[in-house]
4 protein chains.
Amino acid sequence: MSTETSAEIKIFERRESEARSYCRGFDTVFTSARGSELTDAAGRSYIDFLAGCSSLNYGHNDPDMKIALIEHLTDDGLAHALDLHTDAKGAFLESFETHILKPRGLDHRVMFTGPTGANAVEAAMKLARKATGRDTIIAFTNGFHGVTLGALAATGNSYHRGGAGITLNGVTRMPYDGYLGDGIDTADVLEKMLEDASSGLDKPAAILLETVQGEGGLNAADPDWIKRIADLAKAHGALLIVDDIQAGCGRTGSFFSFEGMGITPDIVTMAKSVSGFGLPMALVLVRPEFDVFGPAEHNGTFRGNTHAFVTARVAIEKFWADGSFQEELAEKALILTTALQELAEMLPDSRLKGRGLMQGVDVRSGDLASEICAEAFRNGLVIETSGPEDQVVKVLAPLTTPQDTFRKGLSILLEAARTTLSQNSNSIAAE
Amino acid sequence: MSTETSAEIKIFERRESEARSYCRGFDTVFTSARGSELTDAAGRSYIDFLAGCSSLNYGHNDPDMKIALIEHLTDDGLAHALDLHTDAKGAFLESFETHILKPRGLDHRVMFTGPTGANAVEAAMKLARKATGRDTIIAFTNGFHGVTLGALAATGNSYHRGGAGITLNGVTRMPYDGYLGDGIDTADVLEKMLEDASSGLDKPAAILLETVQGEGGLNAADPDWIKRIADLAKAHGALLIVDDIQAGCGRTGSFFSFEGMGITPDIVTMAKSVSGFGLPMALVLVRPEFDVFGPAEHNGTFRGNTHAFVTARVAIEKFWADGSFQEELAEKALILTTALQELAEMLPDSRLKGRGLMQGVDVRSGDLASEICAEAFRNGLVIETSGPEDQVVKVLAPLTTPQDTFRKGLSILLEAARTTLSQNSNSIAAE
Amino acid sequence: MSTETSAEIKIFERRESEARSYCRGFDTVFTSARGSELTDAAGRSYIDFLAGCSSLNYGHNDPDMKIALIEHLTDDGLAHALDLHTDAKGAFLESFETHILKPRGLDHRVMFTGPTGANAVEAAMKLARKATGRDTIIAFTNGFHGVTLGALAATGNSYHRGGAGITLNGVTRMPYDGYLGDGIDTADVLEKMLEDASSGLDKPAAILLETVQGEGGLNAADPDWIKRIADLAKAHGALLIVDDIQAGCGRTGSFFSFEGMGITPDIVTMAKSVSGFGLPMALVLVRPEFDVFGPAEHNGTFRGNTHAFVTARVAIEKFWADGSFQEELAEKALILTTALQELAEMLPDSRLKGRGLMQGVDVRSGDLASEICAEAFRNGLVIETSGPEDQVVKVLAPLTTPQDTFRKGLSILLEAARTTLSQNSNSIAAE
Amino acid sequence: MSTETSAEIKIFERRESEARSYCRGFDTVFTSARGSELTDAAGRSYIDFLAGCSSLNYGHNDPDMKIALIEHLTDDGLAHALDLHTDAKGAFLESFETHILKPRGLDHRVMFTGPTGANAVEAAMKLARKATGRDTIIAFTNGFHGVTLGALAATGNSYHRGGAGITLNGVTRMPYDGYLGDGIDTADVLEKMLEDASSGLDKPAAILLETVQGEGGLNAADPDWIKRIADLAKAHGALLIVDDIQAGCGRTGSFFSFEGMGITPDIVTMAKSVSGFGLPMALVLVRPEFDVFGPAEHNGTFRGNTHAFVTARVAIEKFWADGSFQEELAEKALILTTALQELAEMLPDSRLKGRGLMQGVDVRSGDLASEICAEAFRNGLVIETSGPEDQVVKVLAPLTTPQDTFRKGLSILLEAARTTLSQNSNSIAAE
């Protein structure tokens, strides 16, 4: 982009709120997208390692979902149906039951909340409080659960918290796995406080956690730690809520991020990639005994986004009917780890973080991470940072990215890191 | 429907949460919809006087929007783009500026929040608190603003409030226009409390109101009262937030429900029909001086639902580029008033309520209102109730309903009322 | 006082917090007091129409209480006993039961809270919340209940509320009797909101009121209004808490301010004059069915101020064993009314307010009220203002003030008003 | 006491609230007290190792204070003076400045709050929030700060917290020194969370701590830990509040419990023994730059308990004008440690806890601790437990207890422990 603002961009500067954000770092106008590639108004194409922050796990405009949606439109299928029964919703539920819930031995009910992750989290927190008659929700350092008032109380980031303009209540913060360094099992801290009647920690309604903290900097909790937290929740009459909004839908290598850990969350929140196509959709999965809302007690106009049901059903049937997709993910995760280790080795203090297709490198400096991403963008790769100081370069490529595109993207990233580091050392030498 | 549960419905009973609601009253599976008509799996068609609770003001599957959306899909236009610049968003903003904001002399910025009304309300409340440094938001009796924790504090309904499972804070309740009966101007109550340093009403960050309370029972405030509230807000350093989620997008006869009242709200929340097609989309309009969020301070994955931008642009250009649609609305409102007066006359104590295409009859009994709607449904009309006791039969037909369909729907409603009343008087006589 | 700061006063300026207050208006050092008279370090004497804000209803250093206390000290009676049984506490309880509770048909239990009115209010609010399982307490405009966080939420004054530095929660404000002008019975407002399931007023744990709002400007509620509020509380499962801290102990003419109204509050809070001697002591009277705290669930080191039990017992036996004191109060109230009517007539818009020995004149200007009090002080009368703008000159003389002293004090007050008004009209004429 | 209820006790059962507590364990009626001895109605005497929970550090009815108070009464000195200047308050302030503040290099202002510790804590929390414009107060596990709503949020004990009947907000809990075991410096946990912008710990207004947690089980923090906390407070713009209500006034061996640690708290709260005589009195000491309340912004009727000023002045002059009393305390602390070590050795897992004249033994069982205290009471010693499970036998003898009385009391305690242990082992053997 030139330094002059193009005509296309002026409208955004004139009329869009200052709250706009990603567009500031990727300063162009995108016009189409397919699979793992984006194209802008100037005809330039980019590899997408952001994937709508994990909302596009199956890439842009997946052809099968696209066909199904066009068919639905052509047939005048319903677009908006509140929470009325529709054939599209029924078909989604059948698929979700058959291919997701049953094979994993889950008896959860599906609640269609307003189609945002935050709304699912709000519903989950309300359910837990209603079901237990308790107020306090335990959330963890560096957790991110949304920015509406209930969810924001559980979010750790001070920049987002500051936007509330009011005190955030009802959540007690505990250190996440690894937060206090290697010698300390933070589950001990939680256990101690739960068992001490004078700790000041009120009996919790729920313990709310991400198995991998996406926004928090790709902190991946140890399965043993998660199991202990689950056991503590059970022992103390609290519900376990796994927020699988970013880590779910295959991102960590399995449909749910908590598979294989020996736990059954009482509540799971899902959003982002659940529609498969990037369409707004959110779910709360809740065990029948905690499905305690009355009709419409938690409601919302868009709790039935029928278009999303159509694509979500295709996504499930296409990718989760058998184990082949999961195998592919394991391979790609290996490729990713290898590439990122190479990146990590360029910087003495940096650290590989995350799990599955949700990995990155903590480069120990938000500025550096930012420069690497900017250089990558100049070379045709869309990639972002995360973490408290934005110091983690985070790869969130579509899970369906073909291996050659994936490798190409990773090359651009490595090259961008090399360039940035050499420029920095030059500029340091020049001082 | 037969008393046996059809195969199609079993999946909902087995797997959908107890929070499901509308489907309980309209117990069939809908498969397609066009304009003002719905069709179910058995091939039966229904006139739609619910319109997705005012989310389908332009009817189902408007052909122009449908074509534009299919075209967008065919061309691999982006579906999900976070808040990146896209051509679709740019085109929507241009249209919204040209046809909506400029002609009404509004200088507001457009903030794309998470695509639910509640999210827009949460953002508006946060903005007002951040901009003023104050905590308290004034909301009104019978107001409905959503069920996430921040918005729920502003919602009056005790059933929804009870779902929070925690104390709702930060909102002070005031009586809406007419709430205390004819002799009392409730703006006097607010004024008295604002001007009294010892009233216990803390200086408010904002006054939040609907000009017509849709869920609250179709209470339409007098424009003079609204003007006074706006003046009080200004005089006391509070922002005026108009929640136009249900009453906006033409529902009351003009694009915004507050037009012609001599007020300029500092913040306007929109959702429901703003996409035109029933797709999830929400907006906060905010005057530039209160556009105080930093980048992503209020964020969310689906704050860019590109499909909705496509249809929303078509809706604006098709219906709001000139005054003809607004003229049609005036005619239809008259038809509606006439029919509902007839309904009201059937019952001595009943009362016509609302404004524009958002009118109904308070039949003084939730049971009666419910029976009338059930009878109407048996005769092919989808219609719902509202109000604290669900005692208001509420007509929310698509604004585009052809006059003959509209009259036909109203006939079914009147006939349903007659049947219900005569059955009730028979059963009373029989006792 | 001279404009130079006396040596005695320097220590206060040097070391006492800026929160000090009354001493700013009465800028001398008091050294002794007897009955209704104060004496300062310069040997000047003052008639006391402030009476420790109604904490000295029986005057300073009542000789019988003084003797009893000196005897207690001489005999090494306990000064501090936590909530252990002591003979002094037992004797107080016997007297309180015999002379106060039984004759009035009250079955309340006595809870000794920390010895401040605020602590009694905190305990009462906690009890009501615990007993009902509800959160919301209804309090009234212009109410004053203390400045600790729980009680402060119920206090209306914005200056005090601002001191919290945090949002005050858990209280909903309703208009007090007469607040909305003559045409409106504010009990109707409360009834409407309690009965409307969508009003946004959550089911209250309690309704908390003063029968005469002392700090709020001597607003005396009509007994019929109070009866209606009591009935509304009962009908809606809320406890009725009468805060009788300022209005109790004979101040309105009977021991409790609510006698003869046909109500039995579930909880009564008392402090100020309950010790009789100005010693710190507070009580919560609670009906047995709501006496739900466990042992020490609400506790505090000074919940047994044995010296106060000694004097409180004497006060009850001396003044409330028969009806003679109450008859005296009726006479004095008449004298007060007559004098204040005279004051009120000096100013066209002013208004006589209050009840019993708790009356004053709203002079419609905080500055004027302040000048009158300052002029009175120069002439040997200690008297203060109250109300949202401090516009009410408030007489709170000891109830035991001899009639000649009382008349003398009232003369000084009337003369001060005359002087102030004539100075003001001179200065206006001079402009 | 016999199993029949004596006449004296019936009145308490009939009329005193169920909240009464200590009287349940010490079931007799006390009638007089002198120094370290209590006498009951039956003429029995007891050594007092409870000392009004550290409110009677100088014993009961100290003869010099008693004489001064009788003189004050005889001379008609004021009993109640709101916050007017009195000679008694002036003399107290002079003494406090001369003998307490100046020698310790403290420039604090003295705020007289309502005369309860909780009120002082409420004022301190409000001051910190007002001074910093922040909401959150950091308090520690097992801390006890009172039971009014603001202070209760900072108190750890779940039994007391449960009495609130409402969610407690505005406080974040951190582990106290030693809470997480020997290997972990909990100041590291606090530092990590304060320095991490995404920890979810909002910038605190204050850090509130006791140097020895009296109610929490005699946990004595290491001076180095306290110094680190003080440094962290300063580094992060938070005020340091030391709650010296139980540990102050000589209890740990010096007037303030934090002397010699190299810290200067921004705010200190005092109550309990500050009057010297067990009379209700509380103070907030605040550095001039944080003395930000306006006149009466935090107020209360009993903020001037003149009798307490009289005795408090005598206490300061008698005990703190030179270093001799402090030397005595050191000797007695040694005696105490020696005796308690003997007690601790009787039980393999038990542990000596506390500091100075505020020591005890954690016997690892609330039942056992309770039995020991009950046996001691049968043998003429009043002593209580503390800690989350009441498992700590706590010695809080008057600091002025003569050495022989002190040793006698300790003998009774050791003997009671021996008896209890032997009975327990007999009953175990018998099973």
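Owing to the predicted nature of the structure, the values given are computational and were not obtained by experimental measurement. (Residues numbered from 1 in each chain as written. Chains lettered and ligands numbered in written order. Predicted model: local features only at pLDDT ≥ 70, side-chain atom pairs only at ≥ 80, totals over all residues. Heavy atoms only, no water.)

Describing the side chain of Thr141 of chain B
Condition: Under the DSSP-based scheme used, a helix requires at least four consecutive residues in state H or I and a strand at least two consecutive residues in state E, with every element numbered from the N terminus. By definition, residues are in contact when any of their heavy atoms lie within 4.5 Å.
With respect to the helices, strands and loops of the structure, Thr141 of chain B is situated in the loop between strand E6 (137-140) and helix H7 (149-154). Discounting chain neighbours no more than four positions away, the residues touching Thr141 of chain B are Arg173, Met174, Pro175, Tyr176, Tyr179 and Gln213 of chain B together with Met193, Ser198 and Ser199 of chain C.

Remarks on the interface of chain B and chain A
For clarity, the threshold we go by: Two parts placed together each lose some accessible area under a 1.4 Å probe, and adding up what both lose gives the buried area. Salt bridge, as used here, is a side-chain nitrogen of Lys or Arg placed within 4 Å of a carboxyl oxygen of Asp or Glu. Classes in brief: Ala, Val, Leu, Ile, Met, Phe, Trp, Tyr, Cys and Pro nonpolar; Asp, Glu, Lys and Arg charged; the others, Gly included, polar. Paired strands, as defined in this entry, are two strands with at least two bridges between them according to DSSP.
At the junction of the two partners, chain B supplies 106 residues and chain A supplies 106 residues. Of the roughly 9400 Å² buried between chain B and chain A, counting both surfaces, carbon and sulfur atoms make up 59%. Summed over the shared surface of chain B and chain A, the number is 14 salt bridges. Linking Arg34 of chain B and Asp76 of chain A is a salt bridge whose minimum nitrogen-to-oxygen distance equals 3.4 Å. Top element by residues in the side of chain B that touches chain A is helix H5 (residues 87-101) of chain B. It accounts for 7 residues. Residue classes in the side of chain B that touches chain A are distributed as 44 nonpolar, 34 polar and 28 charged. Where strand E1 (residues 29-34) of chain A lies against strand E4 (residues 85-86) of chain B, 2 bridges are found, and the strand directions are parallel. Note that in E4 of chain B the partner of Val29 of chain A across the bridge is His85 of chain B.

With respect to the nonpolar core
Rules: Here, the term nonpolar core denotes a set of buried Ala, Val, Leu, Ile, Met, Phe, Trp, Tyr and Cys residues that are joined through side-chain atoms within 4.5 Å. Categorising residues by exposure relies on relative accessible area from a 1.4 Å probe, with only protein chains included: less than 20% of the type maximum marks a residue as buried, more than 50% marks it as exposed, and the intermediate range marks it as partly exposed.
Core analysis: the largest hydrophobic core is formed by 404 residues, its most contacted members being Phe96 of chain A, Phe96 of chain B, Phe96 of chain C together with Phe96 of chain D. Among all residues touching Phe96 of chain D, those that are not within four sequence positions of it are Leu101, Val110, Phe255, Met270, Leu283, Leu285 and Ile316 of chain D. Counting residues in each nonpolar core, the second largest holds 72 residues, with Ala123, Ile267 and Ala271 of chain A together with Ile267 of chain B among its members.

Topic: the domain arrangement of chain A
Residues and elements named next belong to chain A. Inclusion rule: Per the annotation, domain bounds derive from an automatic or database assignment of domains.
Here chain A is partitioned into domain 1 (3-62 + 324-430) and domain 2 (77-319). On a C-alpha basis, the centres of domain 1 and domain 2 stand 26 Å from each other. Between domain 1 and domain 2, the residue contacts involve 31 residues of the former and 30 residues of the latter. Taken together, both faces of the contact between domain 1 and domain 2 bury some 2600 Å²; the carbon and sulfur share is 51%. Its largest share of buried area at the contact with domain 2, domain 1 owes to Tyr58, Arg355 and Met358, together 30% of the area lost on that side. In this assembly, domain 1 and domain 2 are joined by 2 salt bridges.

Re a negative patch on the surface
Using the following cut-off: Only residues whose relative accessible area exceeds 30% and that form no salt bridge enter a patch; like-charged residues are grouped when within 9 Å of one another, and nonpolar side chains (Val, Leu, Ile, Met, Phe, Trp, Tyr) when within 5 Å. The Shrake-Rupley method, run with a 1.4 Å probe sphere, supplies the accessible areas, and residue values consider only the shown protein chains as cover. The charge count includes Lys and Arg as positive and Asp and Glu as negative, but it does not include His or the ends of the chains. Where a charge lies is defined by one atom per residue type, namely NZ (Lys), CZ (Arg), CG (Asp) and CD (Glu).
A cluster of acidic side chains, namely Asp322, Glu327, Glu328 and Glu331 of chain B, defines a negative patch on the protein surface. Relative to the assigned elements, Asp322 of chain B resides in the loop between helix H11 (306-319) and helix H12 (324-346).

Comments concerning the sheet that holds strand E8 (residues 204-209) of chain D
Residue and element names in this part refer to chain D. Here is the rule we go by: Helix axes use the C-alpha atoms of the stretch in contact, all axes being lines fitted to C-alpha atoms, and the angles between their N-to-C directions lie in the range 0 to 180 degrees.
Taking strand neighbours across the sheet as the criterion, the 7 strands line up as E5-E13-E12-E11-E8-E6-E7 in an open arrangement whose pairing is mixed. Single-partner strands in this sheet number two, and they are strand E5 (109-112) and strand E7 (171-174). Going from strand to strand, the sheet's axes swing by 25° on average, the running direction of each strand aside. Its contacts with the sheet put helix H6 (residues 117-132) on E5, strand E6 (136-140), E7, E8, strand E11 (239-243), strand E12 (267-270) and strand E13 (283-286), and the angle it makes with E12 is roughly 165°.

Overview of the relation of the copies chain B and chain A
For clarity, the threshold we go by: For this overlay, a least-squares fit was computed on C-alpha atoms, restricted to residues scoring pLDDT of at least 70 in both copies.
Each copy superposes on the other: chain B lies on chain A with an RMSD of 0.0 Å after a rotation of 180° and an axial shift of 0.0 Å. The operation mapping one copy onto its partner corresponds to a two-fold rotation axis. Comparing interface residues between copies, 100% of those in chain B also sit at the interface in chain A, which points to an isologous, same-surface contact.

So, the relation of the copies chain D and chain C
In screw terms, the move from chain D to chain C is a rotation of 180° and a rise of 0.0 Å along the axis, fitting with an RMSD of 0.0 Å. Both copies share a contact surface, since 100% of the interface residues of chain D are interface residues in chain C too.

Quick notes on unusual backbone geometry
A positive phi angle is found at Ser54 of chain A, which is not glycine, with a value near 80°. Along the chain, the position of Ser54 of chain A falls in helix H3 (residues 51-54).

Examining the sheet that holds strand E13 (residues 283-286) of chain A
All names here are of chain A. In spatial order, the strands read E5-E13-E12-E11-E8-E6-E7; together these 7 strands make up an open sheet with mixed pairing. The sheet is open, and its two borders are formed by strand E5 (109-112) and strand E7 (171-174), each paired with just one other strand. Between one strand axis and the next, the sheet turns through 25° on average, direction left out of account. With 4 bridges connecting them, E5 and E13 associate as antiparallel partners. By the bridge assignment, Met111 is partnered in E13 with Val284.

Some thoughts on the pairing of strand E13 (residues 283-286) of chain B
All names here are of chain B. Here E13 shows two buried faces, one formed by Leu283 and Leu285 and the other by Val284 and Val286. Of the strand pairs in this sheet, strand E12 (residues 267-270) and E13 are connected by 4 bridges, and their pairing is antiparallel. Bridge pairing in E13 links Val268 to Leu285.

Notes on the interface of chain D and chain C
Stated precisely, the cut-off is as follows: Two N or O atoms form a polar contact when they lie within 3.5 Å of each other; inside protein one atom must be a possible hydrogen donor and the other a possible acceptor, and for residues adjacent in sequence the pair counts only when both atoms belong to side chains.
Each partner contributes residues to the interface: chain D has 106 residues there, and chain C has 106 residues. The tally of links between chain D and chain C comes to 14 salt bridges. Inspection of the region where chain D meets chain C yields 53 residue pairs in polar contact (both at pLDDT 80 or more). Element by element, the count of residues in the side of chain D that touches chain C is highest for helix H5 (residues 87-101) of chain D, at 7 residues. Here the side of chain D that touches chain C is built from residues that sort into 44 nonpolar, 34 polar and 28 charged.

A look at the environment of Gln246 of chain D
Residues and elements named next belong to chain D. For Gln246, the position within the fold is in the loop between E11 and E12. Along the sequence, Gln246 and Lys10 sit 236 residues apart, while their C-alpha atoms lie 32 Å from each other. In this structure, Gln246 is in contact with Cys53, Ser54, Gly214, Glu215, Arg251, Lys272, Met358, Lys394 and Leu396, ignoring residues within four places of it in sequence. Looking at Gln246, its side chain comes within polar contact range of the side chain of Lys394, at 3.1 Å.

Quick look at the packing of helix H5 (residues 87-101) of chain A against helix H1 (residues 7-15) of chain B
As a reminder of what qualifies: Here roughly perpendicular refers to angles of 65 to 115 degrees, roughly parallel to angles under 35, roughly antiparallel to angles over 145, and oblique to all remaining angles. Whether a crossing is left-handed or right-handed is set by the direction in which the near helix is turned from the far one by less than a right angle, anticlockwise for left-handed and clockwise for right-handed.
At a closest axis distance of 9 Å, the pairing of H5 of chain A and H1 of chain B adopts a crossing angle of 55°. Viewed along their axes, H5 of chain A and H1 of chain B adopt a mutual orientation that is oblique. Relative to H1 of chain B, H5 of chain A is oriented so that their crossing is left-handed. Taking contact as the criterion, the partners of Lys89, Gly90, Leu93, Glu94, Glu97 and Leu101 of chain A in H5 of chain A are, on H1 of chain B, Ile11, Phe12, Arg14 and Arg15 of chain B. In terms of residue class, the contact of H5 of chain A with H1 of chain B is built from 4 nonpolar, 1 polar and 5 charged.

Considerations on the packing of aromatic side chains
Put simply, the rule reads: Side-chain rings of Phe, Tyr and Trp, where Trp is taken by its six-membered ring, are said to pair if the distance between their centres is within 6.5 Å; with planes under 30 degrees apart they count as stacked, over 60 as edge-to-face, and otherwise as tilted. Whether a charge sits over a ring comes down to the Lys NZ or Arg CZ being within 6 Å of the ring centre and within 35 degrees of the ring normal.
One pass over the full model with this rule turns up 76 aromatic pairs over all chains. Here Phe255 of chain A and Phe256 of chain A contribute two aromatic rings whose centre-to-centre distance is 4.9 Å and whose plane-to-plane angle is 85°, an arrangement assigned as edge-to-face. A relative accessible area of 0% places Phe256 of chain A in the buried class. Just above the ring of Tyr179 of chain C sits the side chain of Lys192 of chain B; from NZ or CZ to the centre is 4.7 Å.

So, the environment of Pro63 of chain B
Tracing the backbone through its elements, the reader meets Pro63 of chain B in helix H4 (residues 63-74). In this structure, the C-alpha to C-alpha distance between Pro63 of chain B and Ser6 of chain B, residues 57 residues apart in sequence, is 32 Å.

Examining the pattern of salt bridges
All names here are of chain B. For the structure on display, the rule yields 101 salt bridges over all chains. Residue Glu375 is joined to Arg378 by a salt bridge in which the shortest nitrogen-to-oxygen separation is 2.9 Å. Here the residue Glu375 and the residue Arg378 both occupy positions in helix H13 (residues 366-378), the gap between them amounting to 3 residues, near one helical turn. Under the relative-accessibility criterion, Glu375 is labelled buried at 11%.

Details of the packing of helix H4 (residues 63-74) of chain A against helix H11 (residues 306-319) of chain A
All names here are of chain A. Relative orientation of the contacting elements H4 and H11 amounts to 145°, with a least axis distance of 9 Å. In the packing of H4 onto H11, the handedness of the crossing is right-handed. Contact with H4, carried on its side by Asp64, Met65, Ala68, Leu69, His72 and Leu73, involves Thr306, His307, Val310, Thr311, Val314, Ala315, Lys318 and Phe319 of H11 and no other residues of that element. Looking at the contact of H4 with H11 residue by residue, the class counts come to 8 nonpolar, 4 polar and 2 charged.

Thoughts on helix H6 (residues 117-132) of chain C
As a reminder of what qualifies: Every helix has an expected span of 1.5 Å times one less than the residues it contains.
For H6 of chain C, built from 16 residues, the straight-helix expectation of 22 Å at 1.5 Å per residue is met to within 8% by its first-to-last C-alpha distance of 23 Å. The element H6 of chain C is extensively covered by neighbouring structure, given that 13 of its 16 residues are classed as buried.

Considering the environment of Ala376 of chain A
Residues and elements named next belong to chain A. Structurally, Ala376 can be placed in helix H13 (residues 366-378). For the pair formed by Ala376 and Ile47, sequence separation is 329 residues and the distance between their alpha carbons is 9.9 Å. The residues contacting Ala376, other than those within four sequence positions of it, are Leu381, Ile383, Ile412 and Ala416.

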